[in-house]
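Geometric and topological summary
Spelled out from the first residue to the last, the chains are:
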Amino acid sequence: MSLIGFYYKQIYGEVLGTEMAEDIRARCYDLLTLYQGKANKNRGESTTSTSSLSTNSSKPPTTSFKCVSRLSQYDSYRDNLKKAKTVHVKSELEYYLEEEELPRREGEDFDILAWWKSNGLKYPTLQAIARDVLAVPVSTVASESAFSTSGRVVSSSRNRLHPKTLEALMCTQSWLKAFEDGVEVPTINDEDMDVDDCISGVTFVDD
């Protein structure tokens, strides 16, 4: 949050940057509440299924079921105690934001996935949020570029190209661009490309 506040003030100014940073903080709390509600709902469904299983079963409950039932009763008792307290109970996000920042070392990459994996027991809800958020690609430029390139190759007058011909054209275009940039490009071996298939897939259109 301090990093967000620093850069937002640099980009949008002191007043607007502070307001936007606070808005992001509020949205983080809303996201935490949403995920906690989902977790409580899933926990309630699992408890209901467990109770229905024990009710419909004709066999007497074993010791393990008795332990689970007693622990479930304890969970309810603990939740009631939490609701009865009038003092403010800190959330996961508050504990997380109050932690000291990890030292940043120049030239070393920080493995954020490994950090969340090792701190999942400490922040289970935040770990679930991080798992969903970090899975989103930062940019869609690569996929959009690939689709736009194929759209230029497969035009209305060349819409019956053989798949291997299309692949050869797109790879050649990419390799030529890389060659112009000074990047070493792979070579095409005879066994990698069937020339007859490529030629048979080309449709010649009269002008």
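For the structure itself, look to the data block above.
Read on for a plain summary of the structure. In this text the structure is predicted, and so the values were computed from the model without any measurement.

Quick word on a nonpolar patch on the surface
A grouping of Leu 3, Phe 6, Tyr 7, Ile 11, Tyr 12 and Leu 16 is seen on the molecular surface, where their side chains present a nonpolar patch of about 640 Å² in accessible area. By residue number, the principal contributor to the nonpolar patch is helix α1 (residues 2–12), which donates five residues.

Details of the pattern of salt bridges
Under the definition given, this model contains five salt bridges. Its salt-bridge partner being Glu 14, residue Lys 9 comes within 3.6 Å of it at the nearest N-O pair. You can call Lys 9 partly exposed: its relative accessible area is 34%. When the shortest N-O distance is used, the salt bridge between Lys 122 and Glu 99 registers 2.5 Å. Taken together, the residues span a long stretch of sequence, with Lys 122 in the loop between α5 (112–118) and α6 (124–134) and Glu 99 in the loop between α4 (92–98) and α5 at a distance of 23 residues.

Concerning the layout of surface pockets
Roughly 1,400 Å³ of volume is contained in the largest pocket. Around the largest pocket, the lining is made up of 28 residues, and of these Met 1, Leu 3, Tyr 96, Phe 110 and Ile 112 lie nearest the centre. Of all the secondary-structure elements, those providing two or more residues to the lining of the largest pocket are α1, α2 (14–56), α4, α5 and α6. For the lining of the largest pocket, the leading source of residues is α6, giving five residues. Of the residues contributing to the lining of the largest pocket, the split by class is 19 nonpolar, one polar and eight charged.

Some details on helix α8 (residues 163–180)
If you check α8, its first and last C-alpha atoms are 26 Å apart, about what 18 residues at 1.5 Å a residue would give, namely 26 Å. Gly 182 sits one or two residues past α8 and shows a positive phi near 85°.

Things to note about the nonpolar core
With 10 residues, the main nonpolar core is built from Leu 32, Tyr 35, Leu 93, Trp 115, Trp 116, Tyr 123, Leu 126, Ala 128, Ile 129 and Ala 130. It is α6 that provides the largest number of residues to this core, a total of four residues.

Definitions and limits used
- Per chain, residue numbering runs from 1 following the sequence as it is written.
- Thresholds applied to this predicted model are a pLDDT of at least 70 for local features of residues and 80 or more for the giving and counting of side-chain atom pairs; totals over whole chains, interfaces and linings are not thresholded and use all residues.
- To get the side-chain values, take all heavy atoms of the structure and skip hydrogens and water.
- Only residues whose relative accessible area exceeds 30% and that form no salt bridge are eligible for patches; like-charged ones are grouped when within 9 Å, while nonpolar side chains (Val, Leu, Ile, Met, Phe, Trp, Tyr) are grouped when within 5 Å.
- Per-residue and other accessible areas follow the Shrake-Rupley method at a 1.4 Å probe size, with only the shown protein chains counted as cover for residues.
- We define a salt bridge as a contact between a side-chain nitrogen of Lys or Arg and a carboxyl oxygen of Asp or Glu at a distance within 4 Å.
- Working definition: helices are DSSP H or I runs of at least four residues, strands are E runs of at least two. Numbering for both runs from the N terminus.
- Three exposure classes are used, based on accessible area relative to the maximum for each residue type with a 1.4 Å probe and protein chains only: buried under 20%, partly exposed in between, and exposed over 50%.
- Residues are said to line a cavity or pocket when one of their atoms sits within 4 Å of a point; the points come from a 1 Å grid over protein atoms alone, cavities being sets where a 1.4 Å probe fits but cannot get out and pockets being open sets with protein on both sides within 12 Å along at least five of seven lines.
- Grid points are joined across faces, edges and corners, and a volume is the space filled by probe spheres set on the points.
- When residue character is reported, Ala, Val, Leu, Ile, Met, Phe, Trp, Tyr, Cys and Pro are called nonpolar, Asp, Glu, Lys and Arg charged, and the others, Gly included, polar.
- In a helix, the anticipated span is given by 1.5 Å times the number of residues less one.
- Buried Ala, Val, Leu, Ile, Met, Phe, Trp, Tyr and Cys residues form a nonpolar core when they are joined through side-chain atoms within 4.5 Å.

Shape descriptors only; they carry no functional weight alone.
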